[in-house]
Amino acid sequence: MAGDNSTTDTHALGPQLSVADIVIITVYFALNLVVGVWSSCRASRNTVRGYFLAGRDMTWWPIGASLFASSEGSGLFIGLAGSGAAGGLAVAGFEWNATYVLLALAWVFVPIYVSSEIVTMPEYIQKRFGGQRIPMYLSVLSLLLSVFTKISIDLYAGALFVHICLGWNFYLSTILMLVITALYTIAGGLAAVIYTDALQTLIMVVGAVILTVKAFNQIGGYEQLAAAYARAIPSRTVPNTTCHLPRADAMHMFRDPYTGDLPWTGMTFGLTIMATWYWCTDQVIVQRSLSARDLNHAKAGSILASYLKMLPMGLIVMPGMISRALFPDDVGCVVPSECLRACGAEIGCSNVAYPKLVMALMPIGLRGLMIAVMMAALMSSLTSIFNSSSTLFTMDIWRRLRPRAGEWELLLVGRLVIVVLIGVSVAWIPILQGSNSGQLFIYMQSVTSSLAPPVTAIFILGIFWQRANEQGAFWGLMAGLAVGATRLVLEFLHPALPCGHADTRPAILSSFHYLHFAVALFTLTGAVVVAGSLLTPAPQSAQIQNLTWWTLAKDVPPGAKTGDVQAAQKHAFWARICGFNAILLMCVNIFFYAYFA
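Residues numbered from 1 in each chain as written. Predicted model: local features only at pLDDT ≥ 70, side-chain atom pairs only at ≥ 80, totals over all residues. Heavy atoms only, no water.

Attention shifts here to the overall build of the protein. A tally of helices and strands in the protein yields 25 helices and zero strands. Counting all 597 residues of the protein, 58% fall into the buried class. When contacts within the protein are restricted to residue pairs at least 6 apart in sequence, those whose partners lie at least 24 apart make up 84%. In the structure as shown, the protein presents an accessible area of about 22,900 Å², 68% of it carried by carbon and sulfur atoms. (Helix = DSSP H or I, 4+ residues; strand = E, 2+ residues; numbered from the N terminus. Buried < 20%, exposed > 50% of the residue type's maximum accessible area, 1.4 Å probe, protein only. Contact = heavy atoms within 4.5 Å. Areas by Shrake-Rupley, 256 points an atom, 1.4 Å probe, with all protein chains shown as cover.)

So, in structure tokens, the structure goes:
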């Protein structure tokens, strides 16, 4: 059985799709293509700025919906529900933490990026530190992270979903998804991506709400959740072990810093460092906010996205827990032979929690809609990653190699990069399947924790400390890379063992939690940057003007230039509304944390 890498059709789950479901899926995809084509015709996509930044004219609601949808790929649906099934509520902290970082994005980072007039993140670093080494390193790192965490995980999750729901061959499902996605990314540019995101977010949330209500009905309401989850024990267990038992702290957000699977110290500090990288310095996300009409629209977009990020606890994590309560033998399996039967992976099957629930509880017709939405979630997250990665490669790497490249050549290269990315990602899927780290979501976070903290450190020091310079930042990044990559390689060489085996992994893996490692890595990089900067000459004034928090170009409100008093007053009024809403949002967030702590 070891050779079976879960591409056979033995795990297709009972009920197959009806004609109504298939009709709905077809209509949905047709609609999607229409929206994509319509928005492409509206935006000026034959200019570099039109194709990559949607003409800087987006309003707040598509930005908010798109920020949310870009981060909620189907990898997140499957991964979050799976981690909820495996360990309870605490994994929702990954979503809730985003609130504070999204506010930082709109109030701190976007004003600086706008003030420095940039299109991509490495371009900012280039202006702030000078030199070619750092921007080049960041462009390459960001492409690598796209392939290893985002693209391959979303593809794997989406194909797992299609494969379980439709019983199609695993690779056939992957290739079909890719063809449709690539078609409309290559055709439309960013405007297509933002409008289709808005449509998909709406349908995803509605579908998830219906499924959540049905799931809670199955177990007798929210009051029964803790009891039902605690009883979710598979019929076959490994003797003399406790790994088949649901966690005793499943209903708590804050867990013990030493014995917890998601320690509260790591979820507070380590996660904030990784989230700052993701939300404030990552091309995929920042590109959304930079396409805003003005700062108020960027702020309102962040606030809307933060409210939406509160939803996954009830719509994804809790249904994952219910799925384990309803199907303990499949979702909660611990015996390797049982897990192979349930999902084709020996180490655990928590990843099938969400697809199982959709197939078992959704009525005919709605089931088709839900599958269409999951495929769409996958496509939305993939389109945004493809679009941003091609922007990065074209603007930061290709332009360095060919400074004279014309507009037409740049657009062509951008489209070719997408094709190459797809090839590499498909090749990585079997490795991801083979590494079978029981939980997709945790695989994604641990890769991030080894590579992202150094980047967060140089952005934060570059923005808040004027003395930071190129030498300090470069050697800081290199030190961080050496330490982070070492841990990452060790992690691939010593994967987690199935239930009942003694943990023989090196101490840096077994006793040093990856969220705590992120804090250590961030601190190390910061120390090297500070030391390196103080030992070498200070940066020139051109590298500081308009580029740090203390030397921002004043944001001129619309109407101030032309003397239109009404426009200026309106701008100030909406700025106050945004500020009030941000405070309200933080209160809501703190209340939820306290309630589930």
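And the narrative resumes.
We now examine the nonpolar core. Tyr113, Tyr124, Ile134, Trp279, Met313, Tyr354 and Ile371 are the most contacted members of the largest nonpolar core, which totals 149 residues. Per-element tally for this core: the top contributor is helix α8 (residues 133-166), with 18 residues. Membership of the second largest hydrophobic core comes to six residues, among which are Ala300, Ile303, Cys578 and Leu585. (Core = buried A, V, L, I, M, F, W, Y, C linked by side-chain atoms within 4.5 Å.)

Applying the stated criterion across every chain yields a total of four cavities of 30 Å³ or more. For the largest cavity, the calculated volume is near 440 Å³. As for the largest cavity, its lining consists of 27 residues, of which Ser71, Leu76, Tyr278, Met444 and Gln445 are closest to the centre. Mapped onto the lining of the largest cavity, the elements with two or more residues apiece are α3 (60-71), α4 (74-87), α5 (93-96), α8, α11 (264-280), α18 (366-401) and α20 (440-451). For the lining of the largest cavity, the class distribution of residues is 14 nonpolar, eight polar and five charged. Size it by volume and the second largest cavity reaches roughly 120 Å³. Taken together, 14 residues line the second largest cavity, and the ones lying closest to its centre are Leu138, Ser142, Trp277, Thr281 and Val455. (1 Å grid on protein atoms, 1.4 Å probe; cavity = no way out; pocket = protein on both sides within 12 Å on 5 of 7 lines; lining within 4 Å. Points joined across faces, edges and corners; volume = space filled by probe spheres on them. Nonpolar A, V, L, I, M, F, W, Y, C, P; charged D, E, K, R; others polar.)

Okay, the side chain of Thr548 next. Relative to the assigned elements, Thr548 resides in the loop between α24 (514-535) and α25 (565-596). With relative accessibility at 0%, the residue Thr548 sits in the buried group. In this view, Thr548 contacts Ile112, Arg128, Gly462, Ile463 and Gln466; residues no more than four positions away in its chain are not counted.

At their nearest, the axes of α8 and α20 sit 11 Å apart, and the two run at 175° to each other. If you check the angle between α8 and α20, you find them roughly antiparallel. Touching Leu141, Leu145, Phe148, Thr149, Ile153, Tyr156 and Ala157 of α8 are Leu440, Tyr443, Met444, Val447, Thr448 and Leu451, all from α20. Looking at the contact of α8 with α20 residue by residue, the classes come out as 11 nonpolar, two polar and no charged. (Axes fitted to C-alpha atoms, helices over the stretch in contact; angles between N-to-C directions. Parallel < 35°, antiparallel > 145°, perpendicular 65-115°, else oblique.)

Interhelical geometry of helix α13 (residues 295-309) versus α25 gives an angle of 25° and a closest axis separation of 10 Å. In terms of orientation, α13 and α25 fall into the roughly parallel class. Once α13 is placed against α25, the crossing between them reads as left-handed. Residue-level contacts link Asn296, Lys299, Ala300, Ile303, Ser306 and Tyr307 of α13 to His571, Trp574, Ala575, Cys578, Asn581, Ala582, Leu584 and Leu585 of α25. (Left-handed = near helix turned anticlockwise from the far one by under 90°.)

Our next topic: unusual backbone geometry. Glycine aside, the phi torsion of most residues is negative, and most peptide linkages are trans. Positive phi, normally seen in glycine, also occurs at Glu117, with a value near 55°. Among the residues examined, Glu117 registers a relative accessible area of 61% and is labelled exposed. Not every positive phi belongs to a glycine, and Asn546 is a case in point at roughly 65°. Summarising the element assignment, Asn546 is placed in the loop between α24 and α25.

Two side chains of opposite charge can pair, provided their charged atoms sit close to one another. Overall, the coordinates contain 11 salt bridges when judged by the stated rule. A salt bridge links Asp21 to Arg367; its shortest N-O distance comes to 4.0 Å. Placement of Asp21 in helix α1 (residues 19-42) and of Arg367 in helix α18 is noted, with a sequence separation of 346 residues between them. Arg367 carries the same exposure label as Asp21, and that label is buried. Taken together, the shared-partner salt bridges in this structure form one network comprising Arg247, Asp249, Arg255 and Asp261. (Salt bridge = Lys/Arg side-chain N within 4 Å of Asp/Glu carboxyl O.)

Take the packing of aromatic side chains next. According to the stated counting rule, one finds 20 aromatic pairs in the structure shown. Relative to Phe459, the ring of Tyr124 lies with its centre 6.1 Å away and its plane at 15°, an arrangement referred to as stacked. With a gap of 335 residues between them, Tyr124 in helix α7 (residues 121-129) and Phe459 in helix α21 (residues 453-464) connect regions that are remote in the sequence. Take Tyr124 and Phe459: they sit in the same class, and that class is buried. Each residue in the set Trp96, Phe254, Phe591, Phe592, Tyr593, Tyr595 and Phe596 is aromatic and connected to the rest through ring pairs, giving one cluster. Sitting above the plane of the Phe327 ring, Lys356 keeps its charged end 5.2 Å from the centroid. (Phe/Tyr/Trp six-rings, centres within 6.5 Å; stacked < 30°, edge-to-face > 60°. Lys NZ or Arg CZ within 6 Å of the ring centre and 35° of its normal.)

On the surface, Val19, Val23, Val27 and Leu31 cluster together into a nonpolar patch covering about 370 Å² of accessible area. Residue classification places Val27 among the partly exposed positions, given a relative accessible area of 47%. (Patch = residues over 30% accessible without salt bridge, like charges linked within 9 Å, V, L, I, M, F, W, Y side chains within 5 Å.)

Turning our attention to α20. Compared with an ideal rise of 1.5 Å per residue, which puts 12 residues at 16 Å, α20 spans 17 Å between its outermost C-alpha atoms and is within 8% of the ideal. Burial runs high along α20: 11 of the 12 residues are buried. Along α20, the residues that are buried comprise Leu440, Phe441, Tyr443, Met444, Gln445, Ser446, Val447, Thr448, Ser449, Ser450 and Leu451. (Expected span 1.5 Å × (residues − 1).)

Once that is clear, we can look at the side chain of Arg487. Mapped onto the elements, Arg487 comes out in helix α22 (residues 470-493). With a relative accessible area of 3%, Arg487 lands in the buried category. Among the polar contacts listed, one links the side chain of Arg487 to the backbone oxygen of Phe512, at a separation of 3.1 Å. Residues in contact with Arg487, not counting those within four places in the same chain, are Ser450, Ile508, Leu509, Phe512, His513, Tyr514 and Phe517. (Polar contact = N/O pair within 3.5 Å; in protein donor to acceptor, adjacent residues only side chain to side chain.)

With 88% of its residues at a pLDDT of at least 70, the protein reaches an overall mean of 82. Confidence, read as mean pLDDT per element, is least for helix α2 (residues 48-53) in the protein (61) and greatest for α24 (95). With pLDDT under 50 throughout, residues 1-14 is counted as low confidence; its partners more than four residues away or in other chains account for 35 contacts. (pLDDT = per-residue confidence, 0-100.)

Here we take up helix α12 (residues 283-290). With respect to burial, α12 is a largely interior element, eight of its eight residues being buried. The complete set of buried residues in α12 reads Gln283, Val284, Ile285, Val286, Gln287, Arg288, Ser289 and Leu290.

On to the environment of Cys243. Tracing the backbone shows Cys243 in the loop between α10 (225-230) and α11. Along the chain, Cys243 and Cys333 lie 90 residues apart, while their C-alpha atoms are 9.7 Å from each other. Ignoring anything within four residues of it in the chain, the contact list for Cys243 reads Val334, Cys499 and Gly500.

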